Amino acid sequence: MTRTPVTVTVTGAAGQIGYALLFRIASGHLLGEGVPVRLRLLEIPQAVKAAEGTAMELDDCAFPLLSGIDIFDDAGKAFEGANVALLVGARPRTKGMERGDLLEANGGIFKPQGEAINAGAADDIKVLVVGNPANTNALIAQQHAPDVPAERFTAMTRLDHNRALAQLSKKAGVSVSDIRRMTIWGNHSATQYPDIFHAEIAGKNAAETVNDQNWLENDFIPTVAKRGAAIIEARGASSAASAASAAIDHVHTWVNGTADGDWTSMAVVSDGSYGVAEGLISSFPVTAKDGKWEIVQGLEIDDFSRARIDASVAELSEERDAVRKLGLI
Ligand code: NAD
Ligand code: LMR
């Protein structure tokens, strides 16, 4: 039986993440084996030609699952009929720049894109915002899409989650696949809190197994939280292939579900769980099933974790206040 292709809109298609992302979407890694995709790419007018070049290369791969590519410089057209939207296009942080500096530069992009999603996307639209500051950009887009259920707007902390898995696996000398229940709380920024108190290594509590508070506080947490800046420092450009890989993981898990007994990290609209102010798009431990996510409930949060979650959520509140002042929401 031939399946109807899923329409995937990708913004910033000519950028470095776009270049790492599109080939994996087209080869079937985003949605799963056997699901055909139709790509709609959005770029600014100056970058349309480069996006056309990438589209030529996509053609040249002869991916059996790729049923078509259209390129636009108009958000209204690019989101028409979209089932999945990956909002990557934004201005990346460069050396010495703080994420707060990006609010104004990028906020303006996400308002019209939210409006376009509201006007033209498919009823089952799922949105992942990658472009920074991702949580607040997702909030801006969501606020301008009043007809789309708020839970369809998410922001990416899966890269932070994967970074945390990698660091913990090295410390414990185990494979990443031996680790479950990692959690990133809060903002995709240096205030994020990677939490191993509920994580498990081969079924045993990770924090107890590692039993090294100095490593946790002075190595693990800052390494994960500041990894984006370390990559910029080393590469002279922000993370690209790892960010694209995390975007694939995020959507794949959302659509196809989390494994039994495990969860993932996604920045989603808060319902007030764990004291995170309602409406903020903050990272939580989530499970996914049948294309829907749910925040994991009932985890005990000790004082150490509470202080760190609160600090990151306070930053999200400040970002929300800042974009309110700028008239972006
Ligand atoms: P890049 O500069 O290489 O590419 C960005 C692309 O977006 C460019 O081609 C640009 O023309 C395009 N663009 C700009 N405004 C646009 C608009 N209004 N509509 C459509 N396209 C537009 O940047 P990159 O390295 O691909 O990174 C993209 C974003 O992802 C940055 O904001 C970066 O900070 C962010 N990022 C997030 C994470 C995360 O974990 N959430 C990780 C890495 C990077
Ligand atoms: C990352 O985490 O690699 C990106 O968000 C880049 C950045 O600005 O930190």
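The structure presented is a predicted model; accordingly, all values stated were derived computationally and were not measured.

Quick look at the domain arrangement of the protein chain
1) Next: Annotation of the protein chain at the domain level lists domain 1 (6-155) and domain 2 (158-319).
2) Next: Here the C-alpha centroids of domain 1 and domain 2 sit 23 Å apart.
3) Next: The partner domain 2 presents 26 residues to the 31 residues of domain 1 that form the contact.
4) Next: Looking at the side of domain 1 that touches domain 2, the elements that each hand over two or more residues are helix H1 (16-26), strand E4 (84-87), strand E5 (126-129), helix H5 (134-143) and strand E6 (153-155).
5) Next: Element by element, the count of residues in the side of domain 1 that touches domain 2 is highest for H5, at six residues.
6) Next: When the residues that make up the side of domain 1 that touches domain 2 are grouped by side-chain class, the tally is 18 nonpolar, seven polar and six charged.

Topic: the UniProt feature "binding site: NAD(+)" (unreviewed entry) in the protein chain
1) Next: When the UniProt feature table is mapped onto this chain, "binding site: NAD(+)" (unreviewed entry) is found at Gly12, Ala13, Ala14, Gly15, Gln16, Ile17, Gly18, Asn106, Gln113, Val130, Gly131 and Asn132.
2) Next: Among the structural elements, glycine 15 can be located in the loop between strand E1 (6-11) and H1.
3) Next: When sequence neighbours within four positions are dropped, the list of residues in contact with glycine 15 reads Val88 and Gly89.
4) Next: Topologically, glutamine 113 is positioned in helix H4 (residues 102-120).

Points about the site of ligand 1
1) Next: What surrounds ligand 1 is a group of 28 residues, the closest being Gly12, Gly15, Ile17, Gly89 and Ala90.
2) Next: With three residues, H1 is the largest single contributor of residues to the shell around ligand 1.
3) Next: Taken together, the residues of the shell around ligand 1 sort by class into 15 nonpolar, eleven polar and two charged.
4) Next: In terms of domain composition, the shell around ligand 1 takes at least three residues from each of domain 1 (6-155) and domain 2 (158-319).

Some details on the pairing of E1
1) Next: Summarising burial for E1: six of the six residues are buried, a large majority.
2) Next: Side chains Val6, Val8 and Val10 project from E1 onto one buried face, and the interleaved Thr7, Thr9 and Thr11 project onto a second face that is buried too.
3) Next: Considered for its hand, the β-α-β crossover made up of E1, H1 and strand E2 (residues 37-42) is right-handed.
4) Next: As judged from the four bridges shared by E1 and E4, these two strands associate in the parallel manner. Across the sheet, residue valine 8 finds its bridge partner in E4, namely valine 84.

Considering H5
1) Next: Burial within H5 is extensive, with nine of its ten residues counted as buried.
2) Next: Residues of H5 that are buried include every one of Ala134, Asn135, Thr136, Asn137, Ala138, Leu139, Ile140, Ala141 and Gln142, and no others.

Re the confidence of the model for the protein chain
Close reading of the predicted structure is inappropriate where its pLDDT is low.
1) Next: For the protein chain, the average pLDDT comes to 96, and 98% of its residues sit at 70 or higher.
2) Next: This complex was scored by the predictor with a pTM of 0.97 and an ipTM of 0.99.

A short note on the nonpolar core
Taken as a class, soluble globular proteins show a tendency for nonpolar side chains to be buried jointly.
1) Next: Formed by 91 residues in total, the largest nonpolar core has its most connected members in Ala85, Leu86, Val129, Val130, Ala141, Met156 and Ala247.
2) Next: Shared between two domains, this core takes at least three residues from each, and those domains are domain 1 (6-155) and domain 2 (158-319).
3) Next: If we skip the residues at most four places from it in the chain, alanine 247 touches Leu21, Leu86, Leu128, Val130 and Met156.

Observations regarding the environment of serine 169
1) Next: Among the secondary structure elements, serine 169 is positioned in helix H6 (residues 158-172).
2) Next: C-alpha separation for the pair serine 169 and isoleucine 179, spaced ten residues apart in sequence, amounts to 7.5 Å.
3) Next: Look past the residues within four positions of serine 169 in its chain and what remains in contact with it is Val174, Ser175, Val176 and Ile179.

So, the pairing of E5
1) Next: Neither face of E5 is left uncovered, since the one carrying Lys126 and Leu128 and the one carrying Val127 and Val129 both have all their residues buried.
2) Next: Across four bridges, E4 lies against E5 in parallel orientation. From the neighbouring strand, alanine 85 faces E5, where its bridge partner is valine 127.
3) Next: What joins E5 to E6 is H5, and the crossover it makes is right-handed.

As for the packing of H6 against helix H8 (residues 213-225)
1) Next: Close contact between H6 and H8 brings their axes to 9 Å; oriented N to C, the two are set at 140°. Overall, the two elements H6 and H8 adopt an arrangement that is oblique. The element H6 and its partner H8 pack so that their crossing is right-handed. In this structure, H6 contributes Asp160, Arg163, Ala164, Gln167 and Lys171 to the contact, and H8 contributes Trp215, Phe220, Thr223 and Val224.
2) Next: Within the contact of H6 with H8, the residues separate by chemical class into four nonpolar, two polar and three charged.

Side note on the sheet that holds strand E11 (residues 204-205)
1) Next: With antiparallel pairing, three strands are arranged side by side in an open sheet as E7-E10-E11. A single partner strand is all that each edge strand has here, and the edge strands are strand E7 (179-180) and E11.
2) Next: Of the strand pairs in this sheet, strand E10 (residues 200-201) and E11 are connected by two bridges, and their pairing is antiparallel. Bridging from a neighbouring strand, isoleucine 201 pairs with lysine 204 of E11.

About the cut-offs
- Numbers given for residues are sequential positions, taken from 1 along each chain in its written order.
- Whichever chain is written first becomes A and whichever ligand is written first becomes 1, with later ones labelled in order.
- Per-residue local features are limited, in this predicted model, to residues with pLDDT of at least 70; the limit for side-chain atom pairs, both in listing and counting, is 80 or more; totals at the level of whole chains, interfaces and linings are taken over all residues.
- Segmentation into domains, and thus their bounds, comes from an automatic or database assignment.
- Here contacts are defined at the residue level, using C-beta atoms placed from the backbone and a cut-off of 7 Å between them.
- Only DSSP runs of H or I covering at least 4 residues are called helices, and only runs of E covering at least 2 are called strands; the numbering of each starts at the N terminus.
- Each residue gets one of three labels, nonpolar for Ala, Val, Leu, Ile, Met, Phe, Trp, Tyr, Cys and Pro, charged for Asp, Glu, Lys and Arg, and polar for the others, Gly among them.
- UniProt positions are given in the numbering used here, feature names are shortened, and annotations may be inferred rather than shown by experiment.
- We call a residue near a molecule or strand if the C-beta atom, set from the backbone, is within 6 Å of it.
- Buried means a residue has 20 or more other C-beta atoms within 10 Å of its own C-beta, exposed means 12 or fewer, and partly exposed covers the counts in between; C-beta atoms are placed from the backbone.
- When the strands point away from the viewer and the connection leading from the first strand across the helix to the second strand turns clockwise, the crossover is called right-handed.
- Pairs of strands are assigned from DSSP output, requiring at least two bridges between the strands.
- For every residue, the pLDDT score states the predictor's confidence, bounded by 0 at the bottom and 100 at the top.
- As used throughout, a nonpolar core is a set of buried Ala, Val, Leu, Ile, Met, Phe, Trp, Tyr and Cys residues joined through C-beta atoms within 7 Å of each other.
- Axis definition: a line fitted to C-alpha atoms, limited for helices to the stretch in contact. Angles are taken between N-to-C directions and run from 0 to 180 degrees.
- The scheme is simple: roughly parallel for angles under 35 degrees, roughly antiparallel for over 145, roughly perpendicular for 65 to 115, oblique for anything else.
- Note: crossing handedness is left-handed where the near helix turns anticlockwise from the far helix by less than a right angle, and right-handed where it turns clockwise.

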